[in-house]
Amino acid sequence: MSNQHVSTRAPTGLVLNIQHFCTHDGPGIRTTVFLKGCSLRCKWCSNPESIHLKPELAYNPRKCIGEKECGFCLKDVCPESALYAVGSGDRPDDKVRVNWDLCTNCGRCVPVCPTHALTLFGQEMTVDQVLEEVEQDGSFYRESGGGMTVSGGECLLQADFLAALLAEAHRRGINTAIETASNVPWDFMAKVLPHVDTVLHDIKLTDPERHKRWCGADNTRIRANLKRAYETFPDTKFIARTPVIPGVNDDEEHIRATLAFIKPYKNVIDYELLPYHRFGEGKYEFLGAVYEMQDFTSPSPETLKRLREIIDEAFGRPTQAR
Amino acid sequence: MNMATETAQLLSAQEQAIVDGKKVLHGTATDRVLRMFDAIRSYGPPRVALERAVYFTESFKTSEGQPLVLRWAKALKHIAENISVAIFDDELIVGRPNTWFGRYTLVFPELDGSIMKAGAEAFIAAKGAPDAVTVTEEDKKIIDEVLFPYWNGKDFTPNFVKALPPESRHMNFGSDPENIGIKQTFVIVNTSTMRHSQNWVIDFGKMLTRGCKGMREEAQARLAALEHPRDLAFKGPFYEAAIIACDALSLFAKRYSELAGQMAARTKDARRKMELEEIAAICAWVPENPARTFREAIQSQWFTQLFSRLEEMVGGDINSGRMDQYFYPTYKRDLEEGRITPEEAQELFQCLWLNVMQCIQSQMSPALAKGREGFSHHETVTIGGQTPEGLDATNELSYVLLESTRPLPCSYPELGVRIHANTPDKFLHAVAEVIKDGKGSPKLLNDEFMVPWFMSNGIVMKEALDYAISGCSESRLPNRETHKTGNSGINYGAVMEMTLRDGRMKIHNDELFGLKTGDPRTFKTYDDFWNAFKMQLENVIRHCMIQVYTAVALKPRYIAAPLASLLHDLAMEHGRDLHTHGDYIPGGLDAACIDGLGGFATCIDSLAAVKHLIYDTKKLTWDQLLDALEKNWEGKEAIRQMCLNAPKYGNGIEWVDAIGYEIQRFVMEYAHNHPKPHGQSFNMRIIPITFHNPCGKVTMATPNGRPAGEFLSDGIVPSHGCDTKGPTVTLQSIARATCHIYKEHREDLLNMKMAPANVAGEEGTRRLMQLIRAWSSQKHAHIQFNILNKQSLLDAQKNPEKYRDLVVRVAGYCAYFVDLSPSQQAEIIARTEEQMG
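No experiment lies behind these values; they were computed from the predicted model shown. (Residues numbered from 1 in each chain as written. Chains lettered and ligands numbered in written order. Predicted model: local features only at pLDDT ≥ 70, side-chain atom pairs only at ≥ 80, totals over all residues. Heavy atoms only, no water.)

**Some points on the overall build of chain B**
Our working definition: Numbered from the N terminus, helices here are DSSP runs of H or I no shorter than four residues, and strands are runs of E no shorter than two. Here the radius of gyration uses the C-alpha set of atoms, whereas the globule reference equals 2.2 Å times the residue count to the power 0.38. We call a residue buried when its accessible area falls under 20% of the maximum for its residue type, exposed when it is over 50%, and partly exposed in between, using a 1.4 Å probe and counting protein chains only. In what follows, residue pairs with any heavy atoms lying within 4.5 Å of each other are defined as contacts. Just so you know, the count uses Lys and Arg for positive and Asp and Glu for negative, and it drops His and the chain ends. Charge coordinates come from a single atom per side chain, which is NZ of Lys, CZ of Arg, CG of Asp or CD of Glu.
Along its length, chain B carries 33 helices and 22 strands. Over its C-alpha trace chain B gives a radius of gyration of 26 Å, about what one expects of a compact globule, namely 28 Å for 837 residues. Each of the three principal axes of chain B carries a C-alpha extent, and together these read 85 × 65 × 55 Å. Residues counted as buried form 68% of the 837 residues belonging to chain B. Contacts spanning at least 24 positions in sequence make up 78% of the contacts within chain B whose residues lie at least 6 apart. Across chain B, 93 positive and 105 negative side-chain charges occur, with their mean positions spaced 2 Å apart.

Structure below.
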């Protein structure tokens, strides 16, 4: 991806996507900026394109119209000859294929593809460029008490850029939130959190061994970071969240252990459960990756209701209709 | 990219009712109301109601040569004396121009008698089609033997077509000299022949407080005071006509009173006897006298509205005005004195909605009917907004009225809510809940746009604050604006095609309709292309204006409206019929519009694609693009994909949105520089009704990737499915493409579609409220929502029986989905479904 329009002095971040009118990522109507790169490898990850901290080519064969109709990407575009078509013009499937072993994610094939079957995940952007797009929603923040949320991947991995982005957002009067799993060095958090109004942080599992098994790293650092963050930033709001995955963490034990962890801190204002949905499979295919675990299911409404009652009780509030 | 909430497959109240087989969507409706609703729905397609036309014609035969306004009043009286009166079981609010309990459509031979024969034949041939009107053999006989012979050549439509300068006539009606108005080219669209006037709001409050009696007395006093011979010559007949029109309306009501009395005497049912006696008493009192109770007020309003429909076909119908304001005094008094409960008021409102529901406006020209699919109706009821003092105007009745529209699966009334900066959250919350029912109602108009608009057109603030919503997305000042002719409309798709094809239209045998602006292959820069586009556009506007001038000059010779005029302060003061607006009624506002009838975004996206692909990135040559367009993309999929994936309006891309602004600015600047002789303006707006469908049918493939014949973009919104960044960015782009700098900019139509899951629960209601608040502060004029699942619409196409009561938002009106043609259904399904993260 080209950086040519980026000033060398401005810090840039690798942005995956900017999504408008988000309503589950903090208060009010929000714009969510997704940064690329993650420090965990959760087995149920539905955003495989967010994992690696580098631009990545994606190919959606359903959009490809084939060599005969098009074939622009096959004409001396790829320096590694990673693109090819098996069919000849008369055969029904003459769609392009990607040899992922050869592809270097240089992105040269992307601009020639008229159907956007070939796209590049990840774009270098400056703080100004991100905020220019974010501020399109300015009048909606005013009406709804919303603002910008930065998510990932693990947004804290790009701590310098993130801190600059959030500080500038604050300077422009935009409410800020981040979504994080907090598996980063404490320094990163210390740098970023002064510029955050609301921290939405995951507590995926409480047991270190199981955390390691399901998420690729144990949770010792995460727990230490969170405790320290709660204590160091008493005026910042924290909201704990668990992505509920049946058979992994849909048990009362996990909910109670999480509550025990967060309840001593007044600035952890809520604990939310996010039911797992299987949306990500297609995206694995587009990246040439194999979807390792395909048999996760969504939690039942009854399970969610039962678990949420425990949370509502702990927060001393009536059970909310959802 | 968050995990989705567990609300992915939610249904709106309307969809849920269909799935559950329930008759009531929300709340309750009385058995009486449900019985009447069922009876209307099972009557079948609307049928022509000819009595009005027959008695109108009878009277006209006897009054030739007299002043037109007087002839009109006499004809109304003749109708009132002779038209059948009928009261059906369960009715509480009575009065109808037909003799059956079901949908009807009136015909107006003074408008299109010459083409009526052919129109009736077309309807008979179309029997069984979703939008066909029933014309029986007997009806056909009356049309052929009574109406056509008298009106042939005497009616407005052919005389208008003949009066047009040859070039204007050709652009609109083609080269066939035999075509006197039944067929249109859709290069531009004439709608002045489809109605006596553009939509209208009567000052019903005046009738409720003064009655026919009060109005008659005023006319008599003004007549007696005339002294100048000129006034005696011109104003005398007007006041005389006003007096006769008051008599006619009163007489019509009295005949209902007598009928109800006779029926009461005959019936064995004690309860119905009491009801009929009450009806008899009420119709004996109103509209002749001021209404004393809420029920009398509703009956008086309905008689006035119904009778004004007999007077003239007003495009977009006779709108109901600010009902929560003018009904409030009697409602409040009845409530305080224990005469009524909110539940009873709801039932009376529903009786009124059922009366309105039976009246269908249709065109005898099938070409025009295509532009108003699903039996369009815009007799908008206005609630909310501000008082003339600038305070919030909502009251208890606003809520009662709002709730009364929820139970029945029907699109009546066409409800409009005025939103302003201080609309209370409580009211906005109630409005958002009703929008979530999924019937596409209510639509919203923005005081923050409308009030400044009226003021920039010379209206003082307290009057501007009292506007009523009217028609699709317009508004009216019932005592200030004059009648205006039907609009002429721009087919933006045709403008693009003529730019690409040196003024020619492919579907019309390559005939030259536009200017010869050159072969695009010779355009060195994007600006050359843009300039050619502007020349074609300017030419089209010029012809639209020529049409309007022609119609305005002609209409007062063919059309009058004594009833509408006598209820208008200025018309009454100056003794002038509202149709004489060409001569300027002092103090009046003549706000005639020229409409962009579809393809605004099609043009923006086409211009952007040409700029991006041919001039900026040079990915395509003109040869390649023009060849692909001529072949309708056949074998040119890669080029079509390039065009489809070029930058699109509605995604927050500033330079693309700016093309929209420049189109609007250019159009308005032309209008601004060519005002009408008395200095008033032509208003430019973008509003499709359903004309973007027939306009698309005549338009070849366009550089935005659209195939030939497909519908064009709708209203001011981005092309179908091309705005992909969610509703906030869509609204922001639209705001950026909107040009406010000229007073000529009038309301544009803004449709938004969402799945119910996006606004589920209390959280969703609040989100919708926030969206509406932001829409208001961005100064958009209008918005309306379809909150439905795409799957339901697809199911409805397959199982029309199951979904016969499914109501969808079409344009400035809602309709039964199954009443729409397949291509109009497809257009609604293709509209962008706004996503939320």
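**Some words on the interface of chain B and chain A**
Note on interface size: it is often stated as the accessible area lost on association of the parts. Rule in force here: Computed with a 1.4 Å rolling probe, the buried area is the accessible surface lost when two parts are put together, summed over both parts. Each reported salt bridge corresponds to a side-chain nitrogen of Lys or Arg within 4 Å of a carboxyl oxygen of Asp or Glu. Counting of polar contacts relies on pairs of N or O atoms within 3.5 Å, with two restrictions inside protein: one atom must be capable of donating a hydrogen and the other of accepting it, and residues adjacent in sequence are counted only when both atoms are side-chain atoms.
Facing the 34 residues of chain B at the interface are 42 residues of chain A. The contact between chain B and chain A buries some 3,300 Å² in all, and 58% of this surface belongs to carbon and sulfur atoms. Where chain B packs against chain A, one counts one salt bridge. In this structure, the salt-bridge partner of K725 of chain B is E133 of chain A, at a minimum N-O distance of 2.7 Å. Summed over the shared surface of chain B and chain A, the result is eight residue pairs in polar contact (both at pLDDT 80 or more). When residues of the side of chain B that touches chain A are traced back to their parent elements, those giving at least two are α27 (637–644), α30 (727–737) and α31 (761–777) of chain B. The element best represented in the side of chain B that touches chain A is α31 of chain B, accounting for seven residues.

**What to know about the packing of helix α12 (residues 294–311) of chain B against helix α15 (residues 342–358) of chain B**
Residues and elements named next belong to chain B. Worth spelling out the cut-off: To obtain each axis, a line is fitted to C-alpha atoms, and for helices this fit is confined to the stretch in contact; angles are then taken between N-to-C directions over 0 to 180 degrees. Between 65 and 115 degrees an angle is taken as roughly perpendicular, under 35 as roughly parallel, over 145 as roughly antiparallel, and anywhere else as oblique. Residues are grouped as follows: nonpolar covers Ala, Val, Leu, Ile, Met, Phe, Trp, Tyr, Cys and Pro; charged covers Asp, Glu, Lys and Arg; every other residue, Gly included, is treated as polar.
Axis separation between α12 and α15 bottoms out at 11 Å; the angle between their running directions is 10°. Taken together, the axes of α12 and α15 are roughly parallel relative to one another. For the pair α12 and α15, the contacting residues are F294, R295, I298, Q301, W302, Q305 and R309 in the first and A345, L348, F349, L352, N355 and V356 in the second. Grouping the constituent residues of the contact of α12 with α15 by class yields eight nonpolar, three polar and two charged.

**Notes on the sheet that holds strand β13 (residues 488–490) of chain B**
All names here are of chain B. Heads up, the rule is: DSSP calls a pair of strands paired once it identifies at least 2 bridges connecting them.
Spatial strand order, β3-β13-β16-β17: four strands in an open sheet with mixed pairing. Whereas interior strands pair on both sides, the edge strands pair on one side only; in this sheet they are β3 (188–190) and β17 (683–686). Direction aside, the axes of adjacent strands within the sheet are offset by 25° on average. Contacts between helix α22 (residues 526–558) and the sheet are confined to β3, β13, β16 (593–596) and β17, with β13 contributing the most and set at about 170° to the helix.

**Quick look at the packing of aromatic side chains**
Residues and elements named next belong to chain B. The condition that has to hold: Two aromatic rings from Phe, Tyr or Trp, using only the six-membered ring of Trp, form a pair when their centres are within 6.5 Å; if the ring planes differ by under 30 degrees the pair is stacked, by over 60 it is edge-to-face, and anything between is tilted. A positively charged side chain is recorded as over a ring if its NZ (Lys) or CZ (Arg) lies within 6 Å of the ring centre. The angle to the ring normal must also be within 35 degrees.
Considering all chains together, one arrives at 40 aromatic pairs over all chains under this definition. Between F529 and W622, the ring centres sit 5.1 Å apart and the planes meet at 55°, which makes this aromatic pair tilted. Separated by 93 residues along the polypeptide, F529 in helix α22 and W622 in helix α26 (residues 622–630) bring together distant segments of the chain. Per residue, the accessibility class of F529 equals that of W622, and both read buried. Directly above the ring of W285 sits R292, whose terminal nitrogen or CZ lies 3.9 Å from the centroid. Note that K676 overlies the ring of F682, its terminal NZ or CZ placed 5.1 Å from the centroid.

**Focus: the sheet that holds strand β19 (residues 782–787) of chain B**
Residues and elements named next belong to chain B. Across the sheet, which stays open at both edges, the seven strands sit in the order β6-β8-β9-β10-β19-β18-β22 with mixed pairing between neighbours. Single-partner strands in this sheet number two, and they are β6 (321–322) and β22 (833–834). By the bridge criterion, two bridges tie β6 to strand β8 (residues 381–384) in an arrangement that is parallel. Counted as the bridge partner of R322 is T382 from β8.

**Points about helix α10 (residues 229–266) of chain B**
Residue pairs spaced three or four apart in an α-helix point in one direction, given the helix's 3.6 residues per turn. Filter applied, for reference: In this analysis, the expected span of each helix is defined as 1.5 Å times one less than the number of residues it contains. Bend is the name given here to the angle between axes fitted to two runs of seven residues, the run ending at a residue and the run starting at it.
Given a rise of 1.5 Å per residue, 38 residues ought to cover 56 Å, and the 55 Å separating the end C-alpha atoms of α10 of chain B matches this to within 8%. The largest bend in α10 of chain B is about 45°, located at K235 of chain B, with the proline P237 of chain B one to four residues further on.

**Re empty space enclosed by the protein**
The gaps of empty space that remain are located by a probe, the size of a water molecule, rolled over the atoms. Residues and elements named next belong to chain B. Where we set the bar: Any residue with an atom within 4 Å of a point lines the site, the site being either a cavity, points on a 1 Å grid over the protein atoms alone where a 1.4 Å probe fits but cannot get out, or a pocket, an open set with protein on both sides within 12 Å along at least 5 of 7 lines. Grid points are joined across faces, edges and corners, and a volume is the space filled by probe spheres set on the points.
For the structure on display, the rule yields 13 cavities of 30 Å³ or more. Roughly 130 Å³ of volume is contained in the second largest cavity. Mapped by element, the contributors of at least two residues to the lining of the second largest cavity are α30 and β18 (751–754). Per-element tally for the lining of the second largest cavity: the top contributor is β18, with three residues.

**Remarks on the domain arrangement of chain A**
Residues and elements named next belong to chain A. Just so we agree on the cut-off: Boundaries of every domain are those given by an automatic assignment or by a domain database.
In terms of domains, chain A is made up of domain 1 (12–45 + 122–314) and domain 2 (56–121). Relative to domain 2, the C-alpha centre of domain 1 lies at a distance of 34 Å. Carbon and sulfur atoms make up 57% of the area that domain 1 and domain 2 hide from each other, which totals about 820 Å². At the junction of domain 1 and domain 2, the tally comes to one salt bridge.

**Brief notes about the confidence of the model for chain A**
Under the convention used in this document: Per-residue confidence from the prediction method is given by pLDDT, with values spanning 0 to 100.
Mean pLDDT over chain A stands at 90; residues scoring 70 or higher make up 92%. Within the model, the stretch residues 1–8 of chain A combines pLDDT values under 50 with nine contacts to residues more than four positions away or in other chains.

**What to know about the environment of Y276 of chain A**
Residue and element names in this part refer to chain A. Relative to the helices and strands, Y276 resides in the loop between β12 (268–275) and α9 (281–286). Of the residues examined, Y276 reaches a relative accessible area of 1% and is grouped as buried. Sequence separation between Y276 and T242 is 34 residues, and the spatial gap between their C-alpha atoms is 9.6 Å.

**A look at the nonpolar core**
Put simply, the rule is: Here, the term nonpolar core denotes a set of buried Ala, Val, Leu, Ile, Met, Phe, Trp, Tyr and Cys residues that are joined through side-chain atoms within 4.5 Å.
One finds I663 and F785 of chain B to be the most contacted residues of the largest nonpolar core, which totals 262 residues. Counting residues per element, this core draws most heavily on α10 of chain B, which supplies 17 residues. If you look at the next biggest cluster of nonpolar residues, it comprises 52 residues, including A163, W186, I203 and I262 of chain A.

**Remarks on the pattern of salt bridges**
One side chain can pair with another of opposite charge once the charged atoms of both are near each other. Residue and element names in this part refer to chain B. This model, assessed by the stated rule, comprises 78 salt bridges over all chains. In this structure, R804 engages D805 in a salt bridge whose closest nitrogen and oxygen atoms are separated by 3.8 Å. Residue classification places D805 among the buried positions, given a relative accessible area of 18%. Because the salt bridges share partners, they merge into one network encompassing E474, R476, E481, D595, R685, R746 and E747.

**Digging into the confidence of the model for chain B**
Within chain B, residue pLDDT values average 92, and 97% of them lie at 70 or more. Scoring of the predicted complex yields 0.92 for pTM and 0.88 for ipTM.

**Topic: unusual backbone geometry**
Cis rather than trans, the peptide bond between G152 of chain A and G153 of chain A has omega equal to 10°. As for its position among the elements, G153 of chain A is in the loop between β8 (147–151) and α4 (159–171). In this model, Y412 of chain B is joined to P413 of chain B through a cis peptide bond whose omega is 0°. By the element assignment, P413 of chain B lies in the loop between α17 (396–404) and β9 (415–419). Not every positive phi belongs to a glycine, and D90 of chain B is a case in point at roughly 75°. By secondary structure assignment, the location of D90 of chain B is in the loop between α4 (68–82) and β2 (104–106). Not every positive phi belongs to a glycine, and K779 of chain B is a case in point at roughly 65°. Here K779 of chain B is to be found in the loop between α31 and β19. Residue K779 of chain B is classed as partly exposed on the basis of its relative accessible area, which comes to 42%.

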